[in-house]
Amino acid sequence: MLLQLIISGILLGGVYALTSMGLSLVFGVSKIVNFAHGDFVVIGMYSALSIFYVTGLVPYISWIIVIPISFGVGYLAYQLMKRTIGEDVNQIFITIGLSMIIQNLILMLYKSDYRAMKSLFDSSIKLGNVYISYESLLAFGIAVLVTIGFLWFLNKTDTGRAMRAVSQDKSAASLMGVKVEKISVLAFGLGISMAGLAGCLLLTMYAAYPTAGGVYNLLAWVIVVLGGLGQVGGALAAAFIIGICETLTGFYIGPDFRQVVYYLFFIAILIIKPQGLFSGIKLHKKVKDEVTE
Amino acid sequence: MKLLNNKIIRWAAFFLVLIIAGLVVDNNYYLDILITVVFYACMASAWNIVGGYAGQVSVGHVAFLGLGAYTSTILFLKLNITPLIGIFAGGIMAMVLALLIGFLTIRLRGPFFTLSTIAIAEILLVLAVRFHGLTGGSEGLNIPYRPSVYNFVFKSYFTYYMMFILLMIAIVAVISYINKSRTGFYLRAVREDETAASSLGVDVLRSKLTALLVSAFFTGVGGALYAQYLLFIDPHTVFTVSFSTKVAALSIVGGIGTVIGPIVGSFILTPLEIFLRSQLGGTYQGLYLLIYGVIMVSVILIIPKGIYGALSDAIKRRRKQVKNELSA
Amino acid sequence: MTIDKVTKEFGGLKAVNDVSCTVKEGSIVGLIGPNGSGKTTLFNVISGVYKPTAGTIMLDGKDISYLSAHKKTMMGMARTFQVVKPFNNISVLENVMVGSYLHNHSHHRSEEFAKGILERLEIDQFADEYPKNLPLAIKKKVEIARALATSPKILLLDEVMGGLNPQETDQVLQTIVKLNEEGMTIVVIEHKMRCIMAIAEKVIVLDSGKMIAMDVPEVVAKNPEVIKAYLGDEYHAEDK
Amino acid sequence: MLKINNIASGYGESQVLFDVSLSIPEGQIVSLVGSNAAGKTTLINTISGLNRVWSGSIEFLGEDITKTSPADRVELGLVQTPEGRRLFPDLSVKDNLLMGSYLKSVRGKREKNLKNAYDLFPRLYERRDQMAGSLSGGEQQMCAIARSLMTCPKLLILDEPSLGLAPILIMQVFEIIKDIQKENVTILLVEQNVQQALKLADKGYVLESGKVTMEGTGEFLLHDDGLRKAYLGM
């Protein structure tokens, strides 16, 4: 049973990794403290749901459509928020406001019911004692594929490299000819796209409901903090830890405690090792260029 | 001194008008609206002490509210201790929680403090559902309707109304006092620039902690009073994070970091909410919170200082202009 | 105040390297050095913004090396910042009152005290203004006033004359001299050599985190190592 | 090549530059010296567009660039190696260099430029996969200069390249600057190391309290007493 849980946890973690990488991008490159990240995940879920209702396309296919939708949503959200860049407190409030808007818009459109996709597959893969559902395997596969693609983009392309450069030093990047604003929007759009994709894939495992954003928001932050801000590798490892943590507590303690355990985990990390488990940037440090001469 | 007197008189007049309004109305439907408005004004003002003055944005304030409500209710139902005491016990329990949160997380930079407050509220929510032996689980707890002073249950809505007015007077008095005191100066300094503040002898952590404690106490007391008024509590009303965001929204819309701002916010938004809910509630679930969100986002983008902040700035500018014209 | 072998490292880089010096009570000491030589870092270590990596700082015979900034202020050390950090959304008077509350617990007394300081620095006419609306010279004075309001025994001034025009500079210079005459010990970081030469009893020169000279101004100005640090090597030699 | 006409500029409300004019002829090394806080960094940040011009104008290759964005100035061939090196610390040395050829117009020459950079600084080739933040001060300076060269600059502004370097490394850096000039790159050198900077320069400017107080050939300035005064207040 333990092995079963760990494997399910890893499969879940793959999808969570997408969410947190998106958040990391938004925070690191666009410098936006996004407290509505989970709601963008939920937008992804409901987009996939709507596509299914209208066209019958399942999430394994519709993610290709969900990504551009999410990118568009991200683009609009960025336009709204860009004026608050550099003001932490206003960013917190504006993203909380946005989260209220998204949650209640969904509530109005879809009511508060839990909506889940029916399983497409009636069997699952059996490996020894371990059962793996096709759903989670497929979702994991897509997540891994996109993650690899994203890492390739970040490391091997000029735009990806520029994103990393902007996250480290905006004005030095502009001295290289980088149009910082453009990169910033692009990173935000991509970050939200990844959240949307994650939502789309999550729909194959969990039901969607309007206020689920709160859970996914905290989840994404927990992973990012756990992994060390801006550390992609760390975030991946953290996502798997959280995924396993969730399946284990869900089974041994009770499903309602799934989140409590990683909230506790989160608070503990913030206190004990604020730079995250896998090093990185300190949580106390201000991201700010001081003008000195 | 003259100015201070002036201010006291102005506040006295304001509360008098509120009380008279309550007496005149004499209709439970409208009294309920008044009570709700005053209750939210209290909660927003209490939140403002830490969110506005100290610049520490908590979105988990509902934890204090819920803890206050549960403490007084459980004390009454299980041990038959009068809510008169329970209300203060609720406030004190909230302070204890604040102390714990403070010690653990107040060093954290803005967004991370905010996240940890959300996490704590969520944890309490789950715990409240889980320990149903004590809390009644998701079904919640009912306070029997047996009006008496000992039970702190009253027939007349006006009595409750007066309770909330008293709470508001207490909060306004404390905030006004803090505002003029050393702590108030220190809090504002901390909000503006922590490094500079500490170089002037301000103990940054202690100042923030003080703000959190005071704020938690009033929120806890408010929660306990609210439970007495509703005669019912359940985890999803008193531990839900959206309550905190609503309270924060009131302060922001009214004017963050001012005494009057949160009150202005509540007097504008709460009736609007009640109206919208009664008009559209059934058909468009969530519309009122949607409007809240839109108002909050627009205020931050258009008038970051909030309605009161923008107004008082305009008045100041006007006065200066007049003064300049006079001297010229 | 005595600084003994103070070192501050940032990720292996020694921003301040083994600096020792004594600041006599009632004196004015100048701290100079090229860009990036570690002056401000040294100030930050002394005033408690950073903790030293090694070494000790003594004030009045007490070890204050690891005290936090606000405790050092309580013990009589105040400072200003190179990039001014006024509290922008409260009035000038209230800015200064944050400082004066340290030793005056009642509102009335700290207000009086703060007003006195504003008058002394001749900025009392700005008492009700918000710093963000004021010119830099006034902001710098507000910052000095705020530090003075904590009734310090030793005052650390980080480039208070930077960005000021000659008249404003002279005003600030006079203020510093006056404060010193009243018995206050003052340490000044300054780029304008003219100012340092005019007021400092002793000058400490930092270069790449190391102290390369400490003496009276006239001697320091002729010190070949100092000239080298400022003008580049060989200058002195070739000049002859 | 670059002409600055009576510009004023500063940070926030504090004016740092007052009516500064200078011109940089093509192919020369021009040194800008002046004591701390004289406004040198402000001046070159204004030239590269990081800082807004309050009044006056900047012309580059005959074109008015007063309002051009920093990124577009790079595209025109006006490149700054900022003070304190400003590398991307968590990017590898190679990635830092590749950032230098971010612009589409120079991407074609990327391989060639990279090879040139490694030829000029063999040390960087050895360390190409290391994070830039882990390099020593001298290596970082080399990396910063190499990164700027990757942009195929026509005018290269070097801000305090000798800052924080050991004397032997300073000599090396100045040698490299000479080499760069031979490649037909015009150089504006901002230095505290007056002696070296003026020796190297075809032309020099002395900036004092935000104003140009002296200009002339490097040789002329080197032997002027006024310069000493500007520096040491004697």
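See the structure shown above.
Residues numbered from 1 in each chain as written. Chains lettered and ligands numbered in written order. Predicted model: local features only at pLDDT ≥ 70, side-chain atom pairs only at ≥ 80, totals over all residues. Heavy atoms only, no water.

## Description of the interface of chain B and chain C
Stated formally: Residue contacts are counted whenever heavy atoms from the two residues lie within 4.5 Å of one another. A quick way to say it: buried area is the sum, across both parts, of accessible area lost when two parts are put together, with a 1.4 Å probe. What makes a salt bridge here is a side-chain nitrogen of Lys or Arg within 4 Å of a carboxyl oxygen of Asp or Glu, nothing more. Identification of polar contacts relies on pairs of N or O atoms within 3.5 Å, with a donor-acceptor requirement for protein atoms, meaning one able to donate a hydrogen and the other able to accept it, and with residues adjacent in sequence counted only if both atoms are side-chain atoms. Here a strand is any run of E in DSSP of at least two residues, a helix any run of H or I of at least four, and the numbering for each starts at the N terminus. Residues are sorted three ways: Asp, Glu, Lys and Arg are charged, Ala, Val, Leu, Ile, Met, Phe, Trp, Tyr, Cys and Pro are nonpolar, and all the rest, Gly among them, are polar.
Taken together, the contact between chain B and chain C spans 21 residues of the former and 26 residues of the latter. It is Arg182, Phe185 and Leu200 of chain B in chain B that bury the most area against chain C; as a group they hold 32% of the surface buried on that side. The tally of links from chain B across to chain C stands at 1 salt bridge. Taken together, the links from chain B to chain C amount to 10 residue pairs in polar contact (both at pLDDT 80 or more). Elements that contribute at least two residues to the side of chain B that touches chain C include exactly α8 (182–192), α9 (194–199) and α15 (306–327) of chain B. If one sorts the elements of the side of chain B that touches chain C by residue count, α8 of chain B sits on top with 6 residues. In the side of chain B that touches chain C, the residues fall into 7 nonpolar, 5 polar and 9 charged.

## Here's the deal with the sheet that holds strand β6 (residues 78–81) of chain D
All names here are of chain D. Our working rule: We treat two strands as partners when DSSP finds at least two bridges between them. Angles shown run from 0 to 180 degrees and are taken between the N-to-C directions of axes, each axis being a line fitted to C-alpha atoms and, for helices, limited to the stretch in contact.
On the basis of which strands lie adjacent, the open sheet formed by 6 strands has the order β6-β7-β8-β3-β9-β10 and mixed pairing. Edge positions in the open sheet fall to β6 and β10 (211–216), since each of these has one partner strand only. Within this sheet the neighbouring strands show an average axis-to-axis angle of 20°, counted without direction. One ladder, built from 4 bridges, connects β6 with strand β7 (residues 155–159); its direction is parallel. Across the sheet, Gln80 pairs through a bridge with Ile157, a residue of β7. Strands β6 and β7 of the sheet are contacted by helix α7 (residues 137–149), whose axis makes an angle of about 170° with β6.

## Section: the interface of chain B and chain A
Contact with chain B, which involves 42 residues of that partner, is made by 42 residues of chain A. Buried surface at the junction of chain B and chain A, both sides included, amounts to about 3,800 Å², of which 79% is carbon and sulfur. When the area that chain B buries against chain A is broken down by residue, the three leading residues are Arg109, Phe112 and Leu301 of chain B, summing to 19%. Inspection of the region where chain B meets chain A yields 0 salt bridges. The tally of links from chain B across to chain A stands at 2 residue pairs in polar contact (both at pLDDT 80 or more). Listed by contribution, the elements that provide at least two residues to the side of chain B that touches chain A are α5 (110–130), α12 (241–254) and α14 (287–302) of chain B. Across the side of chain B that touches chain A, the residue classes break down as 28 nonpolar, 9 polar and 5 charged.

Fair warning: the whole summary comes from geometry, so function is off the table for now.
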